[in-house]
Amino acid sequence: MQTKQIADGIHMLSMNVEDILFEGIWSIANGVTLNSYIIKGEKTALVDGVIGWDGAIDTLYNSLKEIDVDPAKIDYIIVNHMEPDHSGWIDNFKKINDKFQIICSPKAAGLLDAFFEIKDNVTAVKDGETLDLGNGKVLSFHLVPNVHWPDTMMTLDEETKTLLSCDMYGAFGKIEGHFFDDEMTDQEKKKFEEEGIRYFSNVMGTFSPQVKKAVEKTEKLDVKVIAPGHGPIYRKNPQDIINDYKRYCGYRMGKGKKEISILWGSMYGMTERVVNIIKELIEKEGIAVNSLQMPYVNTSDMVSAIFRSAGVIIAAPTYEYKLFPPVAVALDEIGRKKISQKAAFCFGSYGWSGGAQKEIVELIDKYKLGWDFVEPVEFNGRASDEEMEVVKNGVIELIEKVKKVSEHQESCG
Ligand SMILES: Cc1cc2nc3c(=O)[nH]c(=O)nc-3n(C[C@H](O)[C@H](O)[C@H](O)COP(=O)(O)O)c2cc1C
Ligand SMILES: [Fe+2]
Ligand SMILES: [Fe+2]
């Protein structure tokens, strides 16, 4: 765990976690940070914590001692969010500190009882309520419900205008040296944009309308530093990450980068041959292609690529009268994430009955995604030269749509 002073009286304690599936689903090849914060006034508050693993908890206690905080003397635990990646340690903390008060949202108070049977010494705060730690440290609490759980809030230090934003403005990706936006190289910034989109699309994407409201709330707070529960700290220009989060909200509603994601699968190469040809065609048009062969690509990367792309192509054969199952599974996840209004095109090979294309339409309808489809193409066995031309024309039509959507995106900032 690394510790760093991030503002007057505020220290960050950051732990890199790897080799887990985040939320039990998402592969995090580049890890993730769990960031806790200590705020020192006359009294001491700890904001968010770590996951409930023994090793992680001991590391937290040792790191607190490094910054001269005796865990047994912490006065307040501020639970911005009850999800166990931040709050899993609280049960253990009760064993070493019997006096602390918990400050949290009303929804989190109910969850504290449900998860840890904690009812006593819990103060549920209203939106905008404050807590005075003494020595000029006054904290205010800002409820941002349903940015994926109903309980989340952000904590603002009124003195330094440092916002401890929990999952809001978070990103995947471990941090080895550079914690602050102004320390990061261009390469690190690029990495954290990618990791930020992957985090947003995997964890919060479904809830983009509520995230948008949380962003609007942040903009009224005159924030100078944004310190999330996962990922880097933004102190040079916090507006950058606010703008990024606004942009990501748009990605769920049809906007996107000038990229086309091809979600595809193939058993014996009939569909794959066509995928390879159109991939070249799209790249020649100056549009980046994300080739997502299912089931080889993990769900985290697949969701992230589809989410950020202005255009999507689904290319899959018929299997047992229906859509090739790994592609159907991927599309089902895209539906659950409500990734809507994408410009799209689909094609695939069949042997005798067809059925894949029909199921694609059914899945898009089932989840009410409202994708804007170019006419689909289904070919028998190997695509003939004529069928190949029809597919290419479909792709060109999609490229035109993508250019319009991504240009619109750029002009919206
Ligand atoms: C296990 C299996 C099940 C299949 N089920 C169907 C089917 O129900 N209806 C159909 O039209 N074709 C079916 N096919 C034929 C494939 O759709 C056809 O071979 C197609 O060309 C495969 O394209 P690919 O090489 O890109 O996978 C099936 C093929 C396999 C191997
Ligand atoms: Fe969370
Ligand atoms: Fe989290």
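Per-chain numbering applies: the sequence of each chain, read as written, is numbered from 1 onward. All chains are assigned letters beginning at A, and all ligands numbers beginning at 1, according to the order in which they are written. Predicted model: local features are reported for residues with pLDDT of at least 70 only, side-chain atom pairs are reported and counted for 80 or more only, and whole-chain, interface and lining totals are derived from all residues. Side-chain calculation: all heavy atoms of the structure are included, whereas hydrogens and water are not.

Participant: I keep staring at the coordination of the iron ion (ligand 3) and nothing clicks. Help me out?
Facilitator: Octahedral metal centres with six donors ideally show angles of 90 or 180 degrees, and tetrahedral centres with four donors ideally show 109.5 degrees. A donor here means any N, O or S atom no more than 2.8 Å from the metal (3.2 Å for Na, K and Ca); water is not included, so a site may seem to lack partners. Around the iron ion (ligand 3), the protein contributes the donor atoms Asp85 (OD), His86 (NE2), Asp167 (OD) and His230 (NE2), which lie 2.1 to 2.3 Å from the metal centre. Every geometry call rests on angle ranges, with four donors termed tetrahedral when all angles are between 85 and 135 degrees, four termed square planar and six termed octahedral when opposite donors are over 155 degrees apart and all others are between 65 and 115, and everything else termed irregular. With four donor atoms in place around the iron ion (ligand 3) and angles of 85 to 179° between them, the coordination shape is irregular. Binding-site remark: the iron ion (ligand 3) is held by donors from one chain whose sequence spacing is D-H-x80-D-x62-H. Relative accessible area serves as the criterion here: at 0%, His230 is assigned to the buried category. Only protein chains enter the accessibility calculation, which uses a 1.4 Å probe. A residue is then buried if its area is under 20% of the maximum for its type, exposed if over 50%, and partly exposed in between.

Participant: Whenever I open this one, the site of ligand 1 confuses me. Can you help?
Facilitator: As a matter of local geometry, ligand 1 sits amid 17 residues, with Ser266, Met267, Thr271, Tyr321 and Ser349 nearest to it. We call two N or O atoms a polar contact when they sit within 3.5 Å, provided that within protein one can donate a hydrogen and the other can accept it, with sequence-adjacent residues counted only if both atoms are side-chain atoms. Tyr268 is positioned such that a nitrogen or oxygen atom in its backbone is 2.9 Å from an oxygen atom of ligand 1. Contact between ligand 1 and Gly269: an oxygen atom at 3.0 Å from a main-chain N or O atom of the residue. In these tables, accessible area is a Shrake-Rupley quantity obtained with a 1.4 Å probe, and a residue counts as shielded only by the protein chains included in the view. A total of 640 Å² of accessible area belongs to ligand 1 in isolation, and the protein chains cover 85% of it. Taken together, the residues of the shell around ligand 1 break down into eight nonpolar, eight polar and one charged. One heavy atom suffices: a residue is near a molecule or strand as soon as one of its heavy atoms comes within 4 Å of it. For this classification, the nonpolar set comprises Ala, Val, Leu, Ile, Met, Phe, Trp, Tyr, Cys and Pro, the charged set comprises Asp, Glu, Lys and Arg, and every other residue, Gly included, is treated as polar.

Participant: Help me understand the state of the cysteines in this model?
Facilitator: Two cysteines joined by a covalent bond between their sulfur atoms form a disulfide. Only a pair of cysteine sulfur atoms within 2.5 Å qualifies as a disulfide here. Applying the stated criterion across every chain, the model contains zero disulfides. Of all cysteine sulfurs in the structure, the one in Cys104 sits closest to Cys166, which takes part in no disulfide; the separation is 12 Å.

Participant: What should I look at first to understand the coordination of the iron ion (ligand 2) in this one?
Facilitator: For the iron ion (ligand 2), the protein coordination sphere consists of His81 (NE2), Glu83 (OE), His148 (NE2) and Asp167 (OD), at 1.9 to 2.2 Å. Metal-centred angles of 87 to 171° between the four donor atoms at the iron ion (ligand 2) mark the site as irregular. One chain supplies every donor to the iron ion (ligand 2), and in sequence these donors are spaced H-x1-E-x64-H-x18-D.

Participant: Would you mind showing me how to read the packing of aromatic side chains here?
Facilitator: Here a ring pair, both rings aromatic, is described through the centre-centre distance and the interplanar angle of the planes. Whether two aromatic rings pair depends on their centres lying within 6.5 Å, for rings of Phe, Tyr and Trp, where Trp uses its six-membered ring; planes under 30 degrees apart make the pair stacked, over 60 edge-to-face, and the rest tilted. By the definition in use, this model includes 20 aromatic pairs. With a centroid separation of 6.5 Å and an interplanar angle of 65°, the aromatic rings of Tyr61 and Trp89 are classed as edge-to-face. You can see Tyr61 sitting in helix α1 (residues 54-66) and its partner Trp89 sitting in the loop between α2 (84-87) and α3 (90-96), a full 28 residues away along the chain. Both residues of the pair, Tyr61 and Trp89, count as buried. Here Phe115 and Trp149 contribute two aromatic rings whose centre-to-centre distance is 6.0 Å and whose plane-to-plane angle is 40°, an arrangement assigned as tilted. Remark: Trp149 occurs in the loop between β11 (137-143) and β12 (153-157) and Phe115 occurs in helix α4 (residues 106-116); sequence separation between them is 34 residues. For Phe115, a relative accessible area of 42% gives the class partly exposed. Grouping aromatic residues by their ring pairs yields a cluster made of Tyr169, Phe200, Tyr245, Tyr248, Tyr251 and Phe307. Counting from the N terminus, the helices are DSSP H or I runs at least four residues long and the strands are E runs at least two residues long.

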